[in-house]
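Take a look at the letters that make up each chain.
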Amino acid sequence: MGLKSIEFIRARSAGFQPRVGIVLGSGLGDLAHRIAPTRIFKFEDIPEFPTPRVSGHAGNLILGELGHTPVVALQGRCHLYEGWQMAQALVPVQTLIDLDIELLILSNASGGINPRFRSGQVVLMDSHIDGMFRAQPIIFQSKPNYGNLSRNVTLYDRTWIERAQQSALKLGFALSTGTYWATLGPNYETRSEYRMFRNLGADMVGMSTVPEAKLAFERKIPVLAFSIVTNVANSDNATVTDHADVLNWSSQAQEQLVPLIESLLSEYFPPSSAS
């Protein structure tokens, strides 16, 4: 899947070559307004693309420039809990990769498990725990070899993590790293589940991103993944979280995340080397 979508986009954007692919998760779609667009496509108009069914996911593919960097951005994503098969949900990211990007930036909203985190904090994913094992597996182009992954390789590019942390310091804030637990959703977690996730090493929990990161890793595309902690759980006290809270905290976090991404691209994809 995905061949028709890449043909559709290339036929309508001749001469444009994006260098960076960006996936804008829950509440982060406003970054799209900082992109000077060359073309904007609705997901529903692109062959084989699924259509998001969740608030905060506009469902646009945008080709344009962020600063002076040519980018392709997905304004929203499709989740497995919406009823999509794994292969369907991954078509948009597969399409970004097939556009020959050099870096994939992922973003999501997550529930905070680590008590040191705060609501609205931006955290870099440096590892994950895949709790989506009941879903259909990702169909790789070749047989992936994850034999020694936990010891000497990571899906989340160490060089880009260090670059992002350095850029954050220049902007006046520290950028923490953490382990993301991926669940199928769509329900939020119980207090007991939060305790279990924390005991097993997770710092935040969400319902996306991991399949996208795995696919990019298999295709040898560096991955930089940002997670916005939208609510920090207290496993001893019952609290209520809804999607509106998630969007609100995500919106506030954009004040840090948007300048950070712009700074990164400006420094490492300068105009002199951009197409």
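Everything below is about the structure printed above this text.
First, a word on scope: everything that follows refers to the structure included in this document. Keep in mind it's a predicted model, so treat the numbers as computed, not measured.

## Points about the overall build of the protein chain
Part 1 of the reasoning: Looking only at helices and strands, the protein chain has eight helices and nine strands in total.
Part 2 of the reasoning: Of all 275 residues assigned to the protein chain, the portion counted as buried reaches 53%.
Part 3 of the reasoning: Here the protein chain displays about 12,400 Å² of accessible surface, and carbon together with sulfur accounts for 48% of that area.

## A short note on the pattern of salt bridges
Note on pairing: side chains with opposite charge can pair once their charged atoms come close.
Part 1 of the reasoning: For the coordinates displayed, the defined rule picks out eight salt bridges.
Part 2 of the reasoning: Between D100 and R10 there is a salt bridge, and its shortest N-O distance comes to 3.4 Å. One end of the pair, D100, is in the loop between α3 (91-98) and β5 (103-112); the other, R10, is in helix α1 (residues 3-11), with 90 residues separating them in the sequence.
Part 3 of the reasoning: Residue class for R10 comes out partly exposed when judged on its relative accessible area of 34%.
Part 4 of the reasoning: Note that K170 is salt-bridged to E267, the shortest N-O span being 3.6 Å. Of this pair, K170 sits in helix α5 (residues 158-171) while E267 sits in helix α8 (residues 243-268), and the two are 97 residues apart along the sequence.
Part 5 of the reasoning: Overall, the relative accessible area of 61% leaves K170 in the exposed class.
Part 6 of the reasoning: A relative accessible area of 39% means that E267 is categorised as partly exposed.

## Digging into the nonpolar core
Part 1 of the reasoning: Counting 77 residues, the largest nonpolar core has I22, L61, L104, Y156, L175, L224 and F226 as the members making the most contacts within it.
Part 2 of the reasoning: By residue number, the principal contributor to this core is α8, which donates seven residues.
Part 3 of the reasoning: Apart from the residues lying within four places of it in its own chain, the contact partners of Y156 are M125, D126, S127, H128, I161, V210, A213, V223 and A225.
Part 4 of the reasoning: Counting six residues, the second largest nonpolar core, distinct from the first, contains I113, Y194, F197 and A202.

## Focus: helix α7 (residues 210-218)
Part 1 of the reasoning: For α7, the buried fraction is high: seven of the nine residues fall into the buried class.
Part 2 of the reasoning: The complete set of buried residues in α7 reads V210, P211, E212, A213, L215, A216 and E218.
Part 3 of the reasoning: Of the residues one or two after α7, K220 is the one with positive phi, at around 65°.

## Observations regarding unusual backbone geometry
Part 1 of the reasoning: The phi angle at E48 is positive, at roughly 75°, despite the residue not being glycine.
Part 2 of the reasoning: Mapped onto the secondary structure, E48 falls in the loop between β2 (35-42) and β3 (60-66).
Part 3 of the reasoning: Although it is not a glycine, K220 adopts a positive phi angle of roughly 65°.
Part 4 of the reasoning: Within the secondary structure, K220 sits in the loop between α7 and β9 (223-232).

## Thoughts on empty space enclosed by the protein
Part 1 of the reasoning: The full count for this structure, using the stated rule, is four cavities of 30 Å³ or more.
Part 2 of the reasoning: The calculated volume of the largest cavity comes to roughly 100 Å³.
Part 3 of the reasoning: Surrounding the largest cavity, 13 residues form its lining, C78, A89, S208, P211 and E212 being those nearest its centre.
Part 4 of the reasoning: Elements with a contribution of two residues or more to the lining of the largest cavity: α2 (86-89) and α7.
Part 5 of the reasoning: Taken together, the residues that form the lining of the largest cavity break down as eight nonpolar, three polar and two charged.
Part 6 of the reasoning: Taken as a whole, the second largest cavity encloses approximately 50 Å³ of empty space.

## A look at the packing of α1 against α3
Part 1 of the reasoning: In the contact formed by α1 and α3, the axes pass within 9 Å of each other and the chain directions differ by 55°. Taken together, the axes of α1 and α3 lie oblique to each other. Read as a crossing pair, α1 and α3 show a hand that is right-handed. Contacts between α1 and α3 pair S5, I6, I9 and R10 from the former with V91, T95 and D98 from the latter.
Part 2 of the reasoning: Grouping the constituent residues of the contact of α1 with α3 by class yields three nonpolar, two polar and two charged.

## Overview of the packing of aromatic side chains
Part 1 of the reasoning: Scanning the model with the defined rule gives five aromatic pairs in all.
Part 2 of the reasoning: Ring centres 5.4 Å apart and planes at 75° place the aromatic pair W160 and Y268 in the edge-to-face group. Of this pair, W160 sits in helix α5 while Y268 sits in helix α8, placing them 108 residues apart in sequence.
Part 3 of the reasoning: What makes W160 buried here is its relative accessible area of 8%.
Part 4 of the reasoning: Of note, R163 hangs over the ring of W160, and the distance from its end group to the ring centre comes to 4.6 Å.

Cut-off values and rules
- Residues numbered from 1 in each chain as written.
- Predicted model: local features only at pLDDT ≥ 70, side-chain atom pairs only at ≥ 80, totals over all residues.
- Heavy atoms only, no water.
- Helix = DSSP H or I, 4+ residues; strand = E, 2+ residues; numbered from the N terminus.
- Buried < 20%, exposed > 50% of the residue type's maximum accessible area, 1.4 Å probe, protein only.
- Areas by Shrake-Rupley, 256 points an atom, 1.4 Å probe, with all protein chains shown as cover.
- Salt bridge = Lys/Arg side-chain N within 4 Å of Asp/Glu carboxyl O.
- Core = buried A, V, L, I, M, F, W, Y, C linked by side-chain atoms within 4.5 Å.
- Contact = heavy atoms within 4.5 Å.
- 1 Å grid on protein atoms, 1.4 Å probe; cavity = no way out; pocket = protein on both sides within 12 Å on 5 of 7 lines; lining within 4 Å.
- Points joined across faces, edges and corners; volume = space filled by probe spheres on them.
- Nonpolar A, V, L, I, M, F, W, Y, C, P; charged D, E, K, R; others polar.
- Axes fitted to C-alpha atoms, helices over the stretch in contact; angles between N-to-C directions.
- Parallel < 35°, antiparallel > 145°, perpendicular 65-115°, else oblique.
- Left-handed = near helix turned anticlockwise from the far one by under 90°.
- Phe/Tyr/Trp six-rings, centres within 6.5 Å; stacked < 30°, edge-to-face > 60°.
- Lys NZ or Arg CZ within 6 Å of the ring centre and 35° of its normal.

So yeah, pure geometry; function would need other evidence.
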